[in-house]
Amino acid sequence: MNITLEQAQKVINASLEKSKELGVKMNIAVVDGGTNLVAFAKMDDAWLGSIDIAQKKARTARFFNMNTGEIGKLSQPGQPLYNIEHSNNGLITFPGGVLIKDNSGNIIGAVGVSGSTVEDDHEVATAGAEAVS
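**A short note on the sheet that holds strand E4 (residues 107-114)**
Move 1: The strand order across the open sheet formed by four strands is E2-E1-E4-E3, and the pairing between neighbours is antiparallel. At either end of the open sheet lies a strand with only one pairing partner, and these are strand E2 (37-42) and strand E3 (97-101). Taken pair by pair, the neighbouring strands of this sheet meet at an average axis angle of 15 degrees, ignoring direction.
Move 2: Where E3 lies against E4, five bridges are found, and the strand directions are antiparallel. Opposite Lys101, over in E4, you have Ile107 as the bridge partner.

**As for the pairing of E3**
Move 1: Of all five residues in E3, four are buried; the element is thus mostly enclosed.
Move 2: Remark: five residues form the turn of the hairpin made by E3 and E4, two consecutive strands paired antiparallel; Gly105 in that turn has positive phi of roughly 90 degrees.

**Concerning the nonpolar core**
In summary, soluble globular proteins display a tendency toward joint burial of nonpolar side chains.
Move 1: Counting residues in hydrophobic clusters, the biggest one holds 22 residues, and the most contacted among them are Ile3, Val30, Ile100 and Val111.
Move 2: Mapped onto this core, the elements with two or more residues apiece are helix H1 (5-22), strand E1 (27-32), E2, E3, E4 and helix H4 (118-130).
Move 3: When neighbours within four sequence positions are excluded, Ile3 is seen to be in contact with Ala8, Val11, Val30, Val31, Asp32, Val38, Ile100, Ile108 and Val132.
Move 4: Of all hydrophobic cores here, the second largest spans five residues; its members include Val31, Ala58, Ala61 and Leu99.

**Quick look at the pattern of salt bridges**
Move 1: If you walk through the whole model with that rule in mind, you get five salt bridges.
Move 2: Two residues, Lys18 and Glu123, come together in a salt bridge whose shortest N-O distance is 3.6 Å. With Lys18 in helix H1 and Glu123 in helix H4, the pair connects residues that are 105 residues apart, well separated along the chain.
Move 3: The exposure class assigned to Glu123 is partly exposed, which follows from its relative accessible area of 34%.
Move 4: For Asp121, the salt bridge goes to Lys57, with nearest N and O atoms at 2.9 Å. Here Asp121, found in helix H4, pairs with Lys57, found in helix H2 (residues 49-64); they are 64 residues apart in sequence, far enough to count as distant.
Move 5: Asp121 sits in the buried class, given a relative accessible area of 2%.
Move 6: One salt-bridge network, held together by shared partners, links Lys18, Glu21 and Glu123.

Rules and cut-offs
- Residues numbered from 1 in each chain as written.
- Predicted model: local features only at pLDDT ≥ 70, side-chain atom pairs only at ≥ 80, totals over all residues.
- Heavy atoms only, no water.
- Pairing = 2+ DSSP bridges.
- Helix = DSSP H or I, 4+ residues; strand = E, 2+ residues; numbered from the N terminus.
- Axes fitted to C-alpha atoms, helices over the stretch in contact; angles between N-to-C directions.
- Buried < 20%, exposed > 50% of the residue type's maximum accessible area, 1.4 Å probe, protein only.
- Core = buried A, V, L, I, M, F, W, Y, C linked by side-chain atoms within 4.5 Å.
- Contact = heavy atoms within 4.5 Å.
- Salt bridge = Lys/Arg side-chain N within 4 Å of Asp/Glu carboxyl O.

Right, here's the structure in full:
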């Protein structure tokens, strides 16, 4: 199963709404189960450098079927995934990448958000992911 464009647009819209609520400017990327970009939004004045980060957060979450913040914990020195961020042409291992699941709990894609603190990024991504289920 893959996320549809209609579902991806719901993710984008919910993420934009949460961004506005928090007063932050975000880049938001939605990928399908194969990590292909399905939808993207760059808010006015959002950081240009965060475009790539948002996409990589979404792909990282889907590559390993866990939120990027969890991968970050496992990639610290002495942990089992130390240096994993150097694989797959670069991963992002801090919060802001969240899996998207359907109503049955199947992973259908992921959302990546970048443009503020990692706490805000994660909150916005979570709001987007929850718009599908």
